[in-house]
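Inside the fold
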Amino acid sequence: MNNKKICVIGLGYIGLPTSAMFATHGCKVIGVDVNEKVVDALNRGEITIEEPYLDIMVQAAVRSGNLIADTKPHEANAFIIAVPTPITEEKRADMSYVIAAAETIVPYLRKGNIVILESTSPTGTVEKLLVPILEKSGLKIGEELYVGHSPERVLPGKILWELVNNNRIVGGINRISAEKIRDLYKIFVNGEIFLTTATTAEMCKLMENTFRDVNIALANELAKICENIGINAWEVIELANKHPRVNIHQPGPGVGGHCLAVDPWFIVEKNPDKAKIIELSRKTNDSMPQHVLNRVDEILSDIKGTKKVSILGITYKPNIDDMRESPIIELIDLIDERDDYEVSVYDPYVKNHRYQAKDLIDVAKNSDLILLAVHHNDFKNLPLSDMAKVMRNKNFFDTRNFINREEVEEKGFKYILLGESKSLHRETYLNEVIATI
Ligand code: SAJ
């Protein structure tokens, strides 16, 4: 058991699990949030976000007396800032929550304390934004107050497992800060902890998500190219990835979430003349909802009057309830701007969307096209026959290569796949190739 007292600012997707983790490892944790509802719920042992097993862990932590919530910070040994860093309309990092969090802890800082920024931030945030605020405490930074950045790296849906087992980067404003922060995380982290400077740690975090975004952009570009030249991008990717050093990612209707669709812009913001591939990749991924709509236009070009599109899935990725930056929301907005379309959606994880149908049959009523937008496990076995019965035209547009083509066709649908030729059917194409050899 250890007797550390930790104050976590921000009780969201990262702050709450991190608080519960420290608390169930024997620390006294004060979780701080400006939202009273979140604070009250936590003090009752309840949570306001969805993440597997988090409810059980939080309940145990609160019952043990090790985790309490408040709207104000308390004195502690360590302060962890885990507040959002959203993006503005101008694609710049909105640092107002980080600034506010840093300012609220200043009166509570004491000699020997540690301050850690976990929020994903543009490079230079710790040294140029955080440190000047913390200096108001009168403490000598790096000697009396240890400061650094340790970015979260966990995947929504697997947060608890990844918090413990992922490797972690700790960037300090000096070596002693990094070492103190490492020792704190060692309380629950089983992965390796690597030490570096604060600015390097900030860039590592941004590049991890940028790496993924750029690779998805490459896959999306490939999808568009394959549609033009009459081959199947998914097949290209599967076969190319047989190479031991190639890992092309998956195309789709766009990239969402609060990380991949946001973080690359933080690099562009600080390096507009240099970050060319990064910016183009962002724009490529952002172009996908419009590209999907262009394909819908083609598929339904023969239909006169208002066309109805039924969208399956609106979250930013499968098997979670998170809709932040979801490209499907963008797609729905684009369809909304058109007078010739009607839209209905069904997502088992989402309750109150304005177009939400009550089930898979309801969403398909009078529809001209089923558009599989998110590959939730729930969509593995669709009631295709019953859906077909209530539809006006039986088109199935799979943007995730998720649904079995033969099964869909057997039920009388025309199957269209994102990243595949518009004109040539795959088998027909293969036959043609065989015939010409
Ligand atoms: N996507 C594709 N094609 C792919 C992979 C993903 O289109 O091949 C799309 C998804 O549909 C989704 C988006 O990308 O819309 C992002 O999903 P994701 O599962 O790749 O990542 P996130 O945003 O949920 O979490 C990422 C993770 N980063 C990396 O894997 C490098 C996670 O570890 C980070 O902690 C998180 O960002 C974060 O908070 O930064």
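Everything here concerns the structure above.
Residues numbered from 1 in each chain as written. Predicted model: local features only at pLDDT ≥ 70, side-chain atom pairs only at ≥ 80, totals over all residues. Heavy atoms only, no water.

**Examining the overall build of the protein**
Definition in use: Helix and strand labels come from DSSP, where a helix needs a run of H or I of at least four residues and a strand needs a run of E of at least two; each type is numbered from the N terminus. Radius of gyration here is computed from C-alpha atoms only, and the compact-globule reference equals 2.2 Å multiplied by the residue count raised to the power 0.38. The classification of residues rests on relative accessible area computed with a 1.4 Å probe and restricted to protein chains. Under 20% of the type maximum is buried, over 50% is exposed, and intermediate values are partly exposed. Here, Shrake-Rupley sampling with a 1.4 Å probe gives the accessible areas, and only protein chains in the shown set may cover a residue. For the purpose of charge, His is not counted, nor are the chain termini; Lys and Arg are scored as positive and Asp and Glu as negative. Charged groups are reduced to one reference atom each: NZ for lysine, CZ for arginine, CG for aspartic acid, CD for glutamic acid.
For the protein, the count of helices and strands is 17 helices and 13 strands. Computed over C-alpha atoms, the radius of gyration of the protein comes to 25 Å, within 12% of the 22 Å expected from 2.2 N^0.38 for 437 residues, which places it in the range of a compact globule. If you line up the protein on its principal axes, its C-alpha atoms span 75 × 45 × 40 Å. Put simply, the protein has 437 residues, and 52% of those count as buried. As displayed, the protein offers around 20100 Å² of accessible surface, 51% of which is attributable to carbon and sulfur atoms. Of the side chains in the protein, 52 bear a positive and 62 a negative charge, and the two mean positions are spaced by 3 Å.

**A closer look at empty space enclosed by the protein**
How we decide: Cavities and pockets are found on a 1 Å grid laid over the protein atoms alone: a cavity is a set of points where a 1.4 Å probe fits but cannot escape, a pocket is an open set with protein on both sides within 12 Å along at least five of seven lines, and a lining residue has an atom within 4 Å of such a point. Grid points are joined across faces, edges and corners, and a volume is the space filled by probe spheres set on the points. Any residue that is not Ala, Val, Leu, Ile, Met, Phe, Trp, Tyr, Cys, Pro, Asp, Glu, Lys or Arg is counted as polar, Gly included; the first ten are nonpolar and the last four charged.
Here the structure, examined in full by the defined rule, presents one cavity of 30 Å³ or more. As a volume, the largest cavity reaches approximately 60 Å³. Along its surface, the largest cavity is lined by P151, E152, R153, V154, E162, L163, N166, N167 and R168. Taken together, the residues of the lining of the largest cavity sort by class into three nonpolar, two polar and four charged.

**Quick notes on the site of the ligand**
Put simply, the rule reads: Whether a residue is near a molecule or strand is decided by its heavy atoms; if any one of them lies within 4 Å of it, the residue is near. N or O atoms within 3.5 Å of each other form a polar contact, as long as, within protein, one can give a hydrogen and the other can take it, and as long as residues adjacent in sequence are counted only when both atoms are side-chain atoms.
In the vicinity of the ligand, 21 residues are found, and the nearest of them are K205, N209, R212, C259 and Y316. Here an oxygen atom of the ligand sits 2.7 Å away from a polar atom, N or O, in the main chain of R153. G256 has a polar backbone atom sitting 2.9 Å from an oxygen atom of the ligand. Expressed as a share of its isolated accessible area of 770 Å², the protein-covered part of the ligand is 88%. If one sorts the elements of the shell around the ligand by residue count, helix α8 (residues 198-229) sits on top with five residues. When its residues are assigned to classes, the shell around the ligand shows eight nonpolar, five polar and eight charged.

**Overview of the pairing of strand β2 (residues 28-32)**
Along any regular strand, the residues point their side chains to alternate faces of the sheet. The cut-off we apply is this: For two strands to count as paired, DSSP must find a minimum of two bridges between them. If the strands point away from the viewer and the path from the first strand over the helix to the second runs clockwise, then the crossover is right-handed.
Of all five residues making up β2, four are buried, and the element is well covered by its neighbours. Pairing of strand β1 (residues 5-9) with β2, which is carried by five bridges, proceeds in the parallel orientation. Along β2, the bridge assignment pairs K5 with K28. One crossover worth recording links β1 to the parallel β2 by way of helix α1 (residues 15-24), and it is right-handed.

**What to know about α1**
In terms of burial, α1 is a largely internal element, nine of the 10 residues being buried. G26, located one to two residues past α1, shows a positive phi value of around 95 degrees.

**A look at the sheet that holds strand β10 (residues 341-346)**
Threshold: Under this scheme, a helix contributes an axis fitted over its contacting stretch, all axes are lines through C-alpha atoms, and angles between N-to-C directions fall in the 0 to 180 degree range. Here, two residues are considered to be in contact whenever any of their heavy atoms come within 4.5 Å of each other.
Strand order in the open sheet formed by five strands is β10-β9-β11-β12-β13, with parallel pairing between adjacent strands. Looking at strand neighbours, the two that pair on one side only are β10 and β13 (414-417), the edges of this open sheet. If you compare each strand with its neighbour and ignore which way they point, the axes differ by 20 degrees on average. Note that strand β9 (residues 307-312) and β10 share six bridges and pair parallel. Among the inter-strand pairings, S310 is bridged to a residue of β10, identified as S344. On the sheet, helix α13 (residues 327-336) packs against β9, β10 and β11 (369-372) and is oriented at approximately 170 degrees with respect to β9.

**Description of the pattern of salt bridges**
To keep it simple, the criterion reads: Salt bridges are identified by distance alone: a Lys or Arg side-chain nitrogen within 4 Å of an Asp or Glu carboxyl oxygen.
According to the stated counting rule, one finds 25 salt bridges in the structure shown. In this structure, the salt-bridge partner of E279 is K283, at a minimum N-O distance of 3.0 Å. With E279 and K283 both in helix α11 (residues 276-286) and four residues apart, this pair spans about one turn of that helix. One connected set of salt bridges, linked through shared partners, spans D297, K307, R338 and D340.

**Some points on the sheet that holds strand β8 (residues 193-197)**
In space, the eight strands of this open sheet follow the order β3-β2-β1-β4-β5-β6-β7-β8, with mixed pairing throughout. If you trace the sheet from one side to the other, it starts and ends with β3 (67-70) and β8, each paired once. This sheet shows a mean twist of 25 degrees between the axes of neighbouring strands, independent of strand direction. Of the strand pairs in this sheet, β2 and β3 are connected by four bridges, and their pairing is parallel. Pairing of V29 across the sheet is with L67, part of β3.

**Comments concerning the packing of α8 against helix α12 (residues 288-299)**
Under the convention used in this document: Each angle receives one of four descriptions, namely roughly parallel if under 35 degrees, roughly antiparallel if over 145, roughly perpendicular if within 65 to 115, and oblique otherwise. Each crossing gets its hand from how the near helix is turned against the far one by less than a right angle, where anticlockwise is left-handed and clockwise is right-handed.
Where α8 meets α12, the axes come as close as 12 Å, and the angle between the chain directions of the two elements is 20 degrees. Regarding the angle of α8 to α12, the classification is roughly parallel. As for how α8 packs across α12, the hand of that crossing is left-handed. Across the interface between the two elements, N220, K224 and E227 of α8 pack against M288, H291 and R295 of α12. Considered class by class, the residues forming the contact of α8 with α12 number one nonpolar, two polar and three charged.

**Structural notes on α11**
Those residues of α11 not exposed but buried are I278, E279, S281, R282, T284 and N285. Where α11 is buried, its residues touch α8, α10 (263-270) and α12.

**Observations regarding the nonpolar core**
So the rule is basically this: In this text, buried Ala, Val, Leu, Ile, Met, Phe, Trp, Tyr and Cys residues form a nonpolar core when linked through side-chain atoms within 4.5 Å.
Counting 41 residues, the largest nonpolar core has I6, F22, L42 and Y185 as the members making the most contacts within it. Beyond its immediate stretch of four places on either side in the chain, L42 contacts L11, L16, V58, V62, L67 and A69. Counting residues in each nonpolar core, the second largest holds 36 residues, with V32, A93, V115 and A198 among its members.

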